[in-house]
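Examining the three-dimensional arrangement
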Amino acid sequence: MLVLNSYFLQLRFACVPALHCHSCPLSIFACPVGVLVNFSALRILPFFAIGMLGIVGVVSGRLVCGWLCPFGLIQDVLHKIPVRKIRIPRKFAYTKYLVLIGLVFAVPFFFPNSRFTFCRVCPAATLEASIPWRIMGVSSGYGFSFFFRVAVLLGVLVLVVILNRGFCRLLCPLGAIFSLFNRFSLFRIRLTKKDCNDCGLCARVCPVGLNPAKEMYSPECIRCLKCTSTRHLKFGIK
Amino acid sequence: MRKRNVSRFILLSVAIILFAGVILFSLLKVKHSFQGTDKSEFELIELTTTDSVRRGQDGDLISPRVSIDTGIIGKGEPVKTKPEPCPT
């Protein structure tokens, strides 16, 4: 796969709408957040990334978070570890907008060589690129920045074990972008009113702690569609 | 309710056309000066993921470091910082 990827599967001129690291040895496409960070640092407007993220957001909202994101899958698996889980107040969800504005746009724009742009602390980048490159011997630096990244990764992994989809809910800048479209996207969750008897079943299965019957257009909904298994909610165009 | 849905669909169609237009604009019109040559946005995205592209002192885009994929050394201004093969 690594050899194939080195010679044939290089499509890094295009970004796909999922948080991953394009420095990963197996990466085929560019990461949209990485493109936004790089272009902010170069002070260029990334038209392609804006158009692609806009179309995906308008059509499906945060469906990508629930179904396409590799880091979301890692979170789902880790959250199955049987330890005591926590709940957080809803207002903490705004931190991901601070991450988006601060680490994706402002820091790279004003300090292009900063060690604290999003890519340099991104847990997905540490997991998919920093650690594999060091294991493969291509990158050999074990300085402050590497250990800082590993510390951030460990912190996020602990967070997602105790808080379901903790990274998506609190820190993910791509989720912050797509969440802006959740309210009016083409595909969205709707309530079949005649079937709803306020049983609260959909709230019990929601991984991000929403009550889907009342908050079906919430920016926090990752469109995992678990609530549609109750048959009181449907996913569609209407 | 039905009227509201129609206006929503019109707004969504306008938004999709707008974003598709932005993508077409990036494909057909956008060019960036990189080390003296014009590069499309796609080429620049690829370069930023592999070659640590940055702005030189004259404001032009340069690649002062060795590409991790091709091993080609950029022809821009000489780099004063320590080389780092992988940005992560």
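Cut-off values and rules
Residues numbered from 1 in each chain as written. Chains lettered and ligands numbered in written order. Predicted model: local features only at pLDDT ≥ 70, side-chain atom pairs only at ≥ 80, totals over all residues. Contact = placed C-beta atoms within 7 Å. Helix = DSSP H or I, 4+ residues; strand = E, 2+ residues; numbered from the N terminus. Nonpolar A, V, L, I, M, F, W, Y, C, P; charged D, E, K, R; others polar. Expected span 1.5 Å × (residues − 1). Buried ≥ 20, exposed ≤ 12 C-beta atoms within 10 Å, placed from the backbone. Pairing = 2+ DSSP bridges. pLDDT = per-residue confidence, 0-100. Core = buried A, V, L, I, M, F, W, Y, C linked by C-beta atoms within 7 Å. Domains from an automatic or database assignment.

1. Structural notes on the interface of chain B and chain A
- Listed per partner, the contact involves 29 residues of chain B and 32 residues of chain A.
- If you list the elements that add at least two residues to the side of chain B that touches chain A, you get α1 (2-28), α2 (41-50) and β3 (54-55) of chain B.
- A per-element tally of the side of chain B that touches chain A places α1 of chain B first, with 11 residues.
- Taken together, the residues of the side of chain B that touches chain A break down into 16 nonpolar, 7 polar and 6 charged.

2. Remarks on helix α8 (residues 123-135) of chain A
Residue and element names in this part refer to chain A.
- The end-to-end C-alpha distance of α8 is 17 Å, a good match for the 18 Å that 13 residues give at a rise of 1.5 Å each.
- Those residues of α8 not exposed but buried are Pro 123, Ala 124, Ala 125, Thr 126, Leu 127, Glu 128, Ala 129, Ser 130, Pro 132 and Trp 133.
- Among the structural elements, α5 (70-78), α7 (118-121), α9 (144-162) and α10 (166-170) are those in contact with the buried residues of α8.
- Two residues or fewer after α8 comes Gly 137, characterised by a positive phi angle close to 80°.

3. Digging into the pairing of strand β1 (residues 31-34) of chain B
All names here are of chain B.
- Pairing of β1 with strand β2 (residues 37-40) involves 4 bridges; the strand directions are antiparallel. Residue pairing for β2: Ser 33 is matched across the bridge by Asp 38.
- Count of turn residues in the β1/β2 antiparallel hairpin: 2 residues, of which Gln 35 carries a positive phi of about 50°.

4. Considerations on the confidence of the model for chain B
Residues and elements named next belong to chain B.
- The predicted model of chain B has a mean per-residue pLDDT of 76, with 72% of residues at 70 or higher.
- Per-residue pLDDT, averaged within each element of chain B, yields its smallest value for β3 (83) and its largest for α1 (91).
- A low-confidence stretch, residues 66-83 (pLDDT under 50), is modelled with 30 contacts involving residues beyond four sequence positions or located in other chains.

5. With respect to the environment of Glu 43 of chain B
All names here are of chain B.
- Tracing the chain through its elements places Glu 43 in helix α2.
- Its 15 C-beta neighbours within 10 Å are what place Glu 43 among the partly exposed residues.
- Separated by 12 residues in the primary sequence, Glu 43 and Lys 31 have C-alpha atoms spaced 9.5 Å apart.

6. Observations regarding the nonpolar core
Residues and elements named next belong to chain A.
- Counting residues in each nonpolar core, the largest one holds 71 residues, and the members touching the most others are Leu 19, Val 33, Val 35, Phe 118 and Phe 167.
- Of all the elements, helix α3 (residues 47-60) adds the most residues to this core, at 7 residues.
- Mapping this core onto the domain boundaries places at least three of its residues in each of domain 1 (2-179) and domain 2 (188-232).
- Among all residues touching Val 33, those that are not within four sequence positions of it are Leu 19, Val 104, Phe 118, Pro 173 and Leu 174.

7. Quick word on the environment of Leu 186 of chain A
- Tracing the chain through its elements places Leu 186 of chain A in the loop between α11 (173-179) and β1 (188-191).
- The spatial distance from the C-alpha of Leu 186 of chain A to the C-alpha of Gly 61 of chain A is 8.0 Å, given a sequence separation of 125 residues.
- Beyond its immediate sequence surroundings of up to four residues, Leu 186 of chain A is in contact with Val 58, Val 59 and Ile 237 of chain A together with Leu 12 of chain B.

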